[in-house]
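Inside the fold
If you want the building blocks of each chain, they are given just below.
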Amino acid sequence: MSTIENRLARLGLILPTAAAPVAAYVPVVEMGGFAHVSGQLPLIEGRLVTGRLGQDLALEQGVEAARACALMILAQLRLALGSLDRVERIVKLGGFVNSAEGFVDQPKVINGASELMLAVFDDAGRHARSAVGVPTLPLGAAVEVDAIVAVRPRV
Amino acid sequence: MSTIENRLARLGLILPTAAAPVAAYVPVVEMGGFAHVSGQLPLIEGRLVTGRLGQDLALEQGVEAARACALMILAQLRLALGSLDRVERIVKLGGFVNSAEGFVDQPKVINGASELMLAVFDDAGRHARSAVGVPTLPLGAAVEVDAIVAVRPRV
Amino acid sequence: MSTIENRLARLGLILPTAAAPVAAYVPVVEMGGFAHVSGQLPLIEGRLVTGRLGQDLALEQGVEAARACALMILAQLRLALGSLDRVERIVKLGGFVNSAEGFVDQPKVINGASELMLAVFDDAGRHARSAVGVPTLPLGAAVEVDAIVAVRPRV
């Protein structure tokens, strides 16, 4: 079993089935040493987490949603790259939080994704990030996270 | 005539004049094998498509606006790269949709851009993507789309 | 003194102390010839500029906030790269403006960041850009700007 699959098992993490894109695009494009991962929505036990932080959802629900986005990013990478051991570095996460106007804890929400990357990849999971509030997301999702990942060549 | 120009002609597509930036930046930067394209606004017959999806504009108008953004991305790339035949892969589109709070069909809107890329570039047009809702865009535009494109060296 | 430090001195620019990330990520990741800089918030004399354009803040205050984000991007790059002389090109800025619904001058706001890059780096500061409105940002910030920068190898 690969190093990262071992790590996932030790952490008790089971990746979801890689979700099909909700439109005319692909989940991952690998070019020039980087994999660009499409914005992933939060599925928990197959159900989309919907609603707005600061209005419909508590902070902890947002954190869980962001973590679910990160698990889906890993699922998409595993499928596209063949193995998560090809991940050289999580370079950048872009986090969009469905937010009521007064909600300003987007960083705490997106930490749900960031901390998962650190737990799975250690130093290779230390990434740059942006986190912003938006008034609405596809299908009413609570969070959307995309990613840029540095990848090793196929062996 | 180049391959992609042939394709544009067969599809009946005429690229707009590459719009000047609306501020202190440039439309395209090519570095390290990638071209980063600035966020493009939707011009149809020289007029900016303004308004908010789910409030002022019907879905189909949003789709047309996103398609216009994609045509402008191609116009900017042609001007900056010298030829669209240098496009190796459309890597990533970032779609921002001017959205009323209850509007959740950002993926359908941005498909207007995505499907154009597929029609023009076939497999090289298959890209990663994010699509989010925003409450307002520059000059009141309905949609803004930026892009990361892998490019071949100049011959 | 390095070229860019000289330039900063001639322009009378003093970079702020590089701010610690407000959550579980790092300010800069350098991989494959590019540095990705996390979204930076506007600190002026150590105080965060908060509020919404078109409601709480005048345009000029937004411009100053965007400029402060750009200065923080430079502070983060200097710390991470060792020297700003390693900056080969400012490739892309991503600007998010805390905006009331009717505010459509995001490009003028983000010019505060763009014009600083041009002043500091001349042609190497000419970048691609996106600028969008958002309803809320981390900690109530007025502006957030992230960056992709092409970097020279360490000597």
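Refer to the structure presented above.
So, a few notes on the structure that sits alongside this text. (Residues numbered from 1 in each chain as written. Chains lettered and ligands numbered in written order. Predicted model: local features only at pLDDT ≥ 70, side-chain atom pairs only at ≥ 80, totals over all residues. Heavy atoms only, no water.)

**Here's the deal with the pattern of salt bridges**
Overall, the coordinates contain 18 salt bridges over all chains when judged by the stated rule. Among the ionic pairs, B:Arg86 bridges to B:Glu30, the shortest N-O distance being 2.7 Å. Taken together, the positions of B:Arg86 in the loop between helix H2 (59-81) and strand S5 (87-98) and B:Glu30 in strand S1 (residues 28-31) put the pair 56 residues apart, joining distant regions of the chain. On the basis of relative accessibility, which here comes to 9%, the residue B:Arg86 falls in the buried class. Where B:Asp146 meets C:Lys92, a salt bridge forms, and the shortest distance between an N and an O atom there is 2.8 Å. Here the residue B:Asp146 occupies a position in strand S7 (residues 143-151), and C:Lys92 occupies one in strand S5 (residues 87-98), the pair thus bridging two chains. (Salt bridge = Lys/Arg side-chain N within 4 Å of Asp/Glu carboxyl O. Helix = DSSP H or I, 4+ residues; strand = E, 2+ residues; numbered from the N terminus. Buried < 20%, exposed > 50% of the residue type's maximum accessible area, 1.4 Å probe, protein only.)

**Things to note about the packing of aromatic side chains**
For any two aromatic rings, the description comes down to two numbers: the centre-to-centre distance and the angle of the planes. In this structure the tally under the stated criterion is three aromatic pairs over all chains. Between A:Phe34 and C:Phe34, the aromatic rings sit 6.2 Å apart at their centres with planes inclined by 65°, giving edge-to-face as the arrangement. Residue A:Phe34 is found in strand S2 (residues 34-40), and its partner C:Phe34 is found in strand S2 (residues 34-40); the two belong to separate chains. With relative accessibility at 5%, the residue C:Phe34 sits in the buried group. Put simply, the rings of A:Phe34, B:Phe34 and C:Phe34 touch in pairs and so form one group of aromatic residues. (Phe/Tyr/Trp six-rings, centres within 6.5 Å; stacked < 30°, edge-to-face > 60°.)

**Here's the deal with the packing of helix H2 (residues 59-81) of chain A against helix H3 (residues 106-121) of chain A**
Residues and elements named next belong to chain A. Between H2 and H3, the shortest axis-to-axis distance is 7 Å and the interhelical angle comes to 40°. Relative to H3, H2 is oriented oblique. The crossing of H2 and H3 is right-handed. Contact residues: H2 offers Leu59, Gly62, Val63, Ala66, Arg67, Ala70, Leu71, Ile73 and Leu74, while H3 offers Lys108, Val109, Ile110, Gly112, Ala113, Leu116, Met117, Val120 and Phe121. Residue composition of the contact of H2 with H3, by class: 14 nonpolar, two polar and two charged. (Axes fitted to C-alpha atoms, helices over the stretch in contact; angles between N-to-C directions. Parallel < 35°, antiparallel > 145°, perpendicular 65-115°, else oblique. Left-handed = near helix turned anticlockwise from the far one by under 90°. Contact = heavy atoms within 4.5 Å. Nonpolar A, V, L, I, M, F, W, Y, C, P; charged D, E, K, R; others polar.)

**Some remarks on the interface of chain C and chain B**
The interface is formed by 29 residues belonging to chain C together with 25 residues belonging to chain B. Buried surface at the junction of chain C and chain B, summed over both partners, amounts to about 2,100 Å²; 66% is from carbon and sulfur atoms. Applying the counting criterion to the chain C and chain B interface returns two salt bridges. C:Glu101 is the salt-bridge partner of B:Arg52, the closest N and O atoms lying 2.6 Å from each other. Linking chain C with chain B are 12 residue pairs in polar contact (both at pLDDT 80 or more), by the criterion used here. Going through the elements one at a time, S5, helix H3 (106-121), strand S6 (128-134) and strand S7 (143-151) of chain C are the ones with two or more residues in the side of chain C that touches chain B. In terms of residue class, the side of chain C that touches chain B is built from 15 nonpolar, seven polar and seven charged. (Buried area = accessible area lost by both parts, 1.4 Å probe. Polar contact = N/O pair within 3.5 Å; in protein donor to acceptor, adjacent residues only side chain to side chain.)

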